[in-house]
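For reference, the chains in residue letters:
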Amino acid sequence: MDGRSNDGVIATGNAQVRNAVVASGSNARVDFRVTEQEEAQTADGRPLTPQQINDLLARFIEELRRSDHPDRDDLAEFAEDAREELAAPEPRAGKLRRVAKALVEAVPGFAALASLAVTIEEAVRGL
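All of the points below concern the structure found in this document. Note that this is a predicted model, so its numbers are computed, not measured.

Turning our eyes to something else, we now look at empty space enclosed by the protein. Evaluated as defined, the whole model comprises 1 cavity of 30 Å³ or more. By volume, the largest cavity is sized at about 30 Å³. Lining the largest cavity we find Leu57, Ala82, Leu86, Leu96, Val99, Ala100, Leu103, Ile120 and Val124. For the lining of the largest cavity, the elements supplying multiple residues, two or more each, are helix H2 (72-87), helix H3 (93-106) and helix H4 (111-125). Among the elements that line the lining of the largest cavity, the one with the most residues is H3, at 4 residues. The class makeup of the residues in the lining of the largest cavity is 9 nonpolar, no polar and no charged.

What follows covers the nonpolar core. Ile53, Leu57, Phe60, Leu103, Val107 and Ile120 are the most contacted members of the largest nonpolar core, which has 24 residues in total. Among the elements of the structure, helix H1 (50-66), H2, H3 and H4 are those that each provide at least two residues to this core. Of all the elements, H4 adds the most residues to this core, at 7 residues. Apart from residues lying up to four places away in sequence, Leu57 is in contact with Ala79, Ala82, Arg83, Leu86, Leu103 and Ile120.

Criteria and thresholds
- Residues numbered from 1 in each chain as written.
- Predicted model: local features only at pLDDT ≥ 70, side-chain atom pairs only at ≥ 80, totals over all residues.
- Heavy atoms only, no water.
- 1 Å grid on protein atoms, 1.4 Å probe; cavity = no way out; pocket = protein on both sides within 12 Å on 5 of 7 lines; lining within 4 Å.
- Points joined across faces, edges and corners; volume = space filled by probe spheres on them.
- Helix = DSSP H or I, 4+ residues; strand = E, 2+ residues; numbered from the N terminus.
- Nonpolar A, V, L, I, M, F, W, Y, C, P; charged D, E, K, R; others polar.
- Core = buried A, V, L, I, M, F, W, Y, C linked by side-chain atoms within 4.5 Å.
- Buried < 20%, exposed > 50% of the residue type's maximum accessible area, 1.4 Å probe, protein only.
- Contact = heavy atoms within 4.5 Å.

The values are spatial; any link to function lies outside them.
Structure below.
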């Protein structure tokens, strides 16, 4: 982790936790929660910019395409729509919030994707 406290990651059983949340081995279980908005802010506490959110969405799409999520193509297209909305002269925050929420709801079993989706959702709230 980056040195900040993170009480949102709980791993039990024979688990290894590195960078992204991972659980393996018999009886391993991971419960991933983002409990603070710190991930959706810059180091100086300011909300992420639309460009930074766009970068997160690009990373999300890359991770999604590498995953075995059954709806990865549709979700990637949905995330691309959000990137286009962010690039608009007046991005519609309501639409972005709906997209971010849908992404969070679509990836609960995919820890790395879920983490990125939650970060995106929190960042969009800060717009």
